[in-house]
Amino acid sequence: MPFTATVLTILPDMFPGPLGHSLAGTALNNGVWGLKTLDIREFASDKHRSVDDTPAGGGPGMVMRADVVGRCVEDAIARQPDVPVIAPTPRGKPLTQQRAKALSEGSGVILLCGRFEGIDERVFDHTFSNGTQIEQVSIGDYVLSGGEMAAMVILDSVVRLLPGVMGAAESESEESFSVDASWDGLLEYPHYTRPREWEGRTIPEVLLSGNHARISAWRRAQAEERTRLWRPDLWEAYEARREASPKGKPRKGRS
Ligand code: ADE
């Protein structure tokens, strides 16, 4: 069975959306991963198929009902009992490359997308029939109008890491945030291609030298410099790891 994502949403037509294109889309069409949607509205019990109601205690907007959402999550869990259930929400744990990598090594994920003001809190307090609790994940400190686009971002970050999705093996290992032993935590070095000169700017000479050792050293220096200037938070963490390990390497490689 390929990696399978099940998205619980009141807007199933939003999927696959951007995930139907390019790398993820080709992999989807080739059966490298699978995508299902469950329409939360199908789990409503009244004739209007309502999924939301006014907030207890008053206030603006509407809240997604615990009973309806709960039934939908149980249904998804019954089909995929061994995968994590993630609700994208701005208050969740920030998405990281490590988390994406870990998810890509599992058999799938259930993504619960909220709309309106959010989901009744009891759904997050609840332990589902297989012992699962919902994890909340944020894709950044800003508010989207629903979880669907965040779910797409999470899935894109995971799907590209599945075996056979990316082209060259190294296209992951040297990029920003890659979970690779030595590049871990550094921003990516700059890339260049033809033409050799554009708008008066040339490609750095070293890249045309054919000297792979020099090229590697230059790229590493660029990655470090960018990280130091642009993301001092990442640089501090990188330096701390480097100091903690003996040979000046950030840490031991993972195989
Ligand atoms: N839903 C709305 N905003 C979000 C965010 N920043 N991250 C994840 N899910 C969201």
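Position numbers for residues start from 1 in each chain and track the written sequence from start to end. For this predicted model, a pLDDT threshold of at least 70 governs which residues receive local features, and a threshold of 80 or more governs which side-chain atom pairs are given and counted, while totals over whole chains, interfaces and linings are taken from all residues. Just so you know, side-chain values use all the structure's heavy atoms and leave hydrogens and water out.

**Considering the overall build of the protein chain**
Line of reasoning, step 1. Broken down by element type, the protein chain carries eight helices and nine strands.
Line of reasoning, step 2. Across its three principal directions, the C-alpha atoms of the protein chain cover 70 × 40 × 40 Å.
Line of reasoning, step 3. Exposure categories follow from relative accessible area, calculated using a 1.4 Å probe and restricted to protein chains: below 20% of the type maximum is buried, above 50% is exposed, and the middle band is partly exposed. In the protein chain, buried positions account for 41% of the 255 residues.
Line of reasoning, step 4. The Shrake-Rupley method, run with a 1.4 Å probe sphere, supplies the accessible areas, and residue values consider only the shown protein chains as cover. Counting every atom, the protein chain has about 14500 Å² of accessible surface; 51% of that belongs to carbon and sulfur.
Line of reasoning, step 5. Here the protein chain contributes 30 positive and 35 negative side-chain charges, whose respective centroids are spaced 5 Å apart. Elements are defined by DSSP. Helices are runs of H or I of four residues or more, strands are runs of E of two residues or more, and each kind is numbered from the N terminus. The charge count includes Lys and Arg as positive and Asp and Glu as negative, but it does not include His or the ends of the chains. In this description, the location of a charge corresponds to atom NZ of lysine, CZ of arginine, CG of aspartate or CD of glutamate.

**A word on unusual backbone geometry**
Line of reasoning, step 1. In this chain, Phe 15 is followed by Pro 16 through a cis amide linkage whose omega measures 0°.
Line of reasoning, step 2. Assignment of secondary structure puts Pro 16 in the loop between strand S1 (3-9) and helix H1 (22-29).
Line of reasoning, step 3. Going from Arg 194 to Pro 195, the amide bond is cis rather than trans, its omega being 0°.
Line of reasoning, step 4. Relative to the assigned elements, Pro 195 resides in the loop between helix H6 (170-173) and strand S8 (197-198).
Line of reasoning, step 5. In this model, Arg 49 sits at a positive phi of 55°, which is unusual for a non-glycine residue.
Line of reasoning, step 6. Residue placement: Arg 49 occurs in the loop between strand S2 (33-39) and strand S3 (52-53).

**Considering the site of the ligand**
Line of reasoning, step 1. Whether a residue is near a molecule or strand depends on its heavy atoms: if one lies within 4 Å, it is near. If you check the shell around the ligand, you find Pro 88, Thr 89, Pro 90, Val 137, Ser 138, Ile 139, Gly 140, Tyr 142, Val 143, Leu 144, Gly 146 and Ala 150 and nothing else.
Line of reasoning, step 2. Taking Tyr 142, its main chain carries an N or O atom lying 2.7 Å from a nitrogen atom of the ligand.
Line of reasoning, step 3. What qualifies as a polar contact is a pair of N or O atoms within 3.5 Å, subject to a donor-acceptor requirement within protein and to the restriction that residues adjacent in sequence count only when both atoms come from side chains. With respect to the ligand, the backbone of Leu 144 contributes an N or O atom lying 3.0 Å from a nitrogen atom.
Line of reasoning, step 4. Alone, the ligand offers 260 Å² of accessible surface; in the complex the protein occludes 96% of this.
Line of reasoning, step 5. Ranked by residue count, the leading element in the shell around the ligand is strand S5 (residues 85-94), at three residues.
Line of reasoning, step 6. Broken down by class, the residue content of the shell around the ligand amounts to eight nonpolar, four polar and no charged. Under the convention adopted here, Pro, Cys and the residues Ala, Val, Leu, Ile, Met, Phe, Trp and Tyr are nonpolar, Asp, Glu, Lys and Arg are charged, and Gly plus all remaining residues are polar.

**Quick look at the domain arrangement of the protein chain**
Line of reasoning, step 1. Domain segmentation is taken from an automatic or database assignment of domains. Partitioning the protein chain into structural domains gives domain 1 (3-159) and domain 2 (173-248).
Line of reasoning, step 2. The centre of domain 1, based on its C-alpha atoms, is set 35 Å off from the matching centre of domain 2.

**Re the packing of aromatic side chains**
Line of reasoning, step 1. Within 6.5 Å between ring centres, the rings of Phe, Tyr and Trp (the latter by its six-membered ring) count as paired, and their orientation is classed by plane angle as stacked under 30 degrees, edge-to-face over 60, tilted in between. One pass over the full model with this rule turns up one aromatic pair.
Line of reasoning, step 2. Placement of a positive charge over a ring is assigned whenever Lys NZ or Arg CZ falls within 6 Å of the ring centre and within 35 degrees of the normal to the ring plane. Positioned over the ring face of Phe 124 is Arg 91, at 5.0 Å from the centre of the ring.

**Brief notes about a nonpolar patch on the surface**
Line of reasoning, step 1. Patches were defined on residues exceeding 30% relative accessible area and lacking a salt bridge, with like-charge contacts within 9 Å and nonpolar side-chain contacts (Val, Leu, Ile, Met, Phe, Trp, Tyr) within 5 Å. Definition used for salt bridges: Asp or Glu carboxyl oxygen within 4 Å of a side-chain nitrogen of Lys or Arg. On the surface, a nonpolar cluster with roughly 300 Å² of combined accessible area is contributed by Tyr 142, Leu 144 and Met 149.
Line of reasoning, step 2. By the secondary structure assignment, Tyr 142 is in the loop between strand S7 (135-138) and helix H5 (147-159).

**A closer look at the side chain of Asp 52**
Line of reasoning, step 1. Assignment of secondary structure puts Asp 52 in strand S3.
Line of reasoning, step 2. For the buried residue Asp 52, which engages in no salt bridge, the nearest side chain bearing the opposite charge is Arg 41, 5.6 Å off.

**Some words on the sheet that holds S2**
Line of reasoning, step 1. If DSSP finds at least two bridges between two strands, the strands pair. In space, the five strands of this open sheet follow the order S2-S1-S6-S5-S7, with parallel pairing throughout. Looking at which strands have only one partner, the edges of the open sheet turn out to be S2 and S7. Across the sheet, the mean angle separating the axes of adjacent strands is 35° when strand polarity is ignored.
Line of reasoning, step 2. Pairing geometry for S5 and S7, over five bridges, is parallel. Bridged to Ile 86 within S7 is Glu 135. Angles shown run from 0 to 180 degrees and are taken between the N-to-C directions of axes, each axis being a line fitted to C-alpha atoms and, for helices, limited to the stretch in contact.

**What about the pairing of strand S6 (residues 108-112)?**
Line of reasoning, step 1. For S6, the buried fraction is high: five of the five residues fall into the buried class.
Line of reasoning, step 2. By the alternation rule, side chains of S6 split into Gly 108, Ile 110 and Leu 112 and Val 109 and Leu 111, which are all buried.
Line of reasoning, step 3. When S1 meets S6, the two strands line up parallel, connected through five bridges. Paired with Thr 4 across the two strands is Gly 108, which belongs to S6.
Line of reasoning, step 4. Looking at chain direction, S5 and S6 are connected through two bridges and run parallel.

**Quick look at the environment of Gly 164**
Line of reasoning, step 1. By the secondary structure assignment, Gly 164 is in the loop between H5 and H6.
Line of reasoning, step 2. Taking relative accessible area as the criterion, Gly 164 reaches 70% and is therefore assigned exposed.

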